Amino acid sequence: MHKIFHTFILATLLLLTVQCNPKPKTTGGTNGNDSIIHHAELLSITCHEEYTDVQITNPWDTARLLHRYLLVPRNKELPQGLPQGTVVRIPLENSLVYSSVHVSALEWLGALDQIGGVCDLTYIKTPALLARAQAGELVDAGNSMAPDIEQVMGLSPDAILLSPFENAGYGRIGKMGIPIIECADYLETSPLGRAEWIKLFGRLYGKEAEADSLFAQIEQNYTVLKEQAKTFAHKPVVISELKSGSAWYMPGGKSYMARIFADAGAAYPWSENGESGSIPLSFETVFDRAGNADIWLVKSFNVGSLSYKALQKEYAPYTHFKAFKERKIYGCDTALCNYYEETPFRPDLLLQELTALFHPDRFPQYQFRYYQPLPE
């Protein structure tokens, strides 16, 4: 089921959303009341005549701001009386991007040419950037945890896009006078909330229309599937991942994955848990509560070497799970597919995948993009 909404409806939505028209958003904390953001909890974008006000809520102290950016067109003079914040001249033309996730978001928007350098080139899968790197036209700034300062200085980027961490500083990078865009999208707990950060990237790179149109498509796709899944009487019980050391890290009940499981029409044993991150559990706790789970999802780098036989060899008690006995374990090999690159900003693709996996009778023609049945 690849086309789940009518072209006419989509076209209408796209026409309505390509402009930067503020809409009411009633929120607490520091977000504006006329932000164009409707799902993200940590992001506010308010459009003014001469600049765009972007406010990012501190994920670790939501009563405070993490950062405020004032986006000003580079071909205009700096407006008088700007509020306090980091001025960013847009559109960005020569940015440094730390994460392959954000590289993929910019690929969706057609803004790859505006990336001058990346970190962690090893993890970049985007063919256009890899070709530029091979031709010496893309700066490799090294490890994102400790970027090569000389390479960054040589690039002289007009902004740096990175993911912030609690109480983490940016060392010499933070003292270079280059605007640092703290992309806290990964800390959003709702799939559409994270995807909506695409609107920020659109405004940073002069791709407002593309970003708003893409998000309208994502939102419509996601909503249609979610509403459809509500009508399914059967809700299979699902668990995920594997034991790591002494703990099995299961998504908290308010986490991104728990929400998408529910939206895909599945029951999740820890849905009542109040955590938005992962919760460490003992094997015994997982088995007691979810030993009879119908479906078991496993993500792993190079999961191609993972099989029922390998799981049994790794930890024999896995064989006691119903999903193991009935051969209902599905693996996602993140080395071979673009799961981590695509799904953060295209949750509609992941929702479609999981809905088809949980309810195969409803989507018999669906071709799986990420998950495959585990081999013997």
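Residues numbered from 1 in each chain as written. Predicted model: local features only at pLDDT ≥ 70, side-chain atom pairs only at ≥ 80, totals over all residues. Heavy atoms only, no water.

A.B. asks: Is there a simple way to think about the overall build of the protein chain in this case?
C.D. replies: A count of helices and strands for the protein chain gives 13 helices and 16 strands. For 376 residues, the compact-globule estimate of 2.2 N^0.38 gives 21 Å, and the protein chain sits close to it at 22 Å. In terms of overall dimensions, the protein chain has C-alpha extents of about 65 × 45 × 40 Å along its principal axes. At a minimum sequence separation of 6, the contacts of the protein chain that also span at least 24 residues come to 57%. Roughly 17,800 Å² of accessible area belongs to the protein chain as shown, and the carbon and sulfur atoms make up 50% of that amount. Charged side chains of the protein chain number 33 positive and 42 negative; the gap between the two group centres comes to 5 Å. (Helix = DSSP H or I, 4+ residues; strand = E, 2+ residues; numbered from the N terminus. Rg over C-alpha atoms; globule rule 2.2 N^0.38 Å. Contact = heavy atoms within 4.5 Å. Areas by Shrake-Rupley, 256 points an atom, 1.4 Å probe, with all protein chains shown as cover. Lys, Arg positive; Asp, Glu negative; His and termini not counted. Charge placed at Lys NZ, Arg CZ, Asp CG, Glu CD.)

A.B. asks: What's the story with the sheet that holds strand 15 (residues 329-333) in this structure? I'm lost.
C.D. replies: Sheets are built from strands paired through backbone hydrogen bonds, the pairs being either parallel or antiparallel. One open sheet holds the four strands; their spatial order is 10-14-15-16, and the pairing between them is mixed. Each end of this open sheet is capped by a strand with a single partner; those strands are strand 10 (238-240) and strand 16 (371-373). Across the sheet, the axes of successive neighbouring strands diverge by a mean angle of 30 degrees, strand direction being ignored. Note that strand 15 and strand 16 share three bridges and pair antiparallel. When the sheet's bridge partners are listed, Tyr330 is paired in strand 16 with Pro373. Across the sheet, helix 13 (residues 347-358) lies against strand 10, strand 14 (295-300), strand 15 and strand 16, angled at about 140 degrees from strand 14, the strand it touches most. (Pairing = 2+ DSSP bridges. Axes fitted to C-alpha atoms, helices over the stretch in contact; angles between N-to-C directions.)

A.B. asks: I would appreciate a short explanation of the state of the cysteines in the present structure.
C.D. replies: Evaluated as defined, the whole model comprises zero disulfides. Of all cysteine sulfurs, the one in Cys337 lies closest to Cys332, which takes part in no disulfide; the gap is 3.7 Å. On the basis of relative accessibility, which here comes to 0%, the residue Cys332 falls in the buried class. Note on Cys337: relative accessible area 11%, which makes it buried. (Disulfide = S-S within 2.5 Å. Buried < 20%, exposed > 50% of the residue type's maximum accessible area, 1.4 Å probe, protein only.)

A.B. asks: For this particular structure, what's the right way to read the pattern of salt bridges?
C.D. replies: When the charged atoms of two side chains lie near each other, side chains of opposite charge can form a pair. Considering all chains together, one arrives at 14 salt bridges under this definition. Among the ionic pairs, Asp53 bridges to Arg68, the shortest N-O distance being 2.5 Å. Of the two residues, Asp53 sits in strand 2 (residues 52-57) while Arg68 sits in strand 3 (residues 65-73), which places them 15 residues apart along the sequence. Since its relative accessible area comes to 5%, Asp53 is described here as buried. (Salt bridge = Lys/Arg side-chain N within 4 Å of Asp/Glu carboxyl O.)

A.B. asks: Before we go on, may I ask you to explain the environment of Ile239 in this structure?
C.D. replies: Along the chain, Ile239 falls in strand 10. On the accessibility criterion, Ile239 (0% relative accessible area) is buried. It is 15 Å that separates the C-alpha atoms of Ile239 and Lys325, two residues lying 86 residues apart in sequence. Among all residues touching Ile239, those that are not within four sequence positions of it are Trp248, Met250, Pro269, Trp270, Ala290, Ala293, Ile295, Trp296, Leu297 and Phe321.

A.B. asks: Mind showing me how you'd approach the sheet that holds strand 13 (residues 278-281) here?
C.D. replies: Spatially, the three strands line up as an open sheet ordered 11-12-13, and their pairing is antiparallel. The open sheet has two free edges, formed respectively by strand 11 (243-244) and strand 13, since each of these has just one partner strand. Where strand 12 (residues 247-251) meets strand 13, four bridges bridge the pair, whose relative direction is antiparallel. Directly across from Pro251, in strand 13, lies its bridge partner Ser278.

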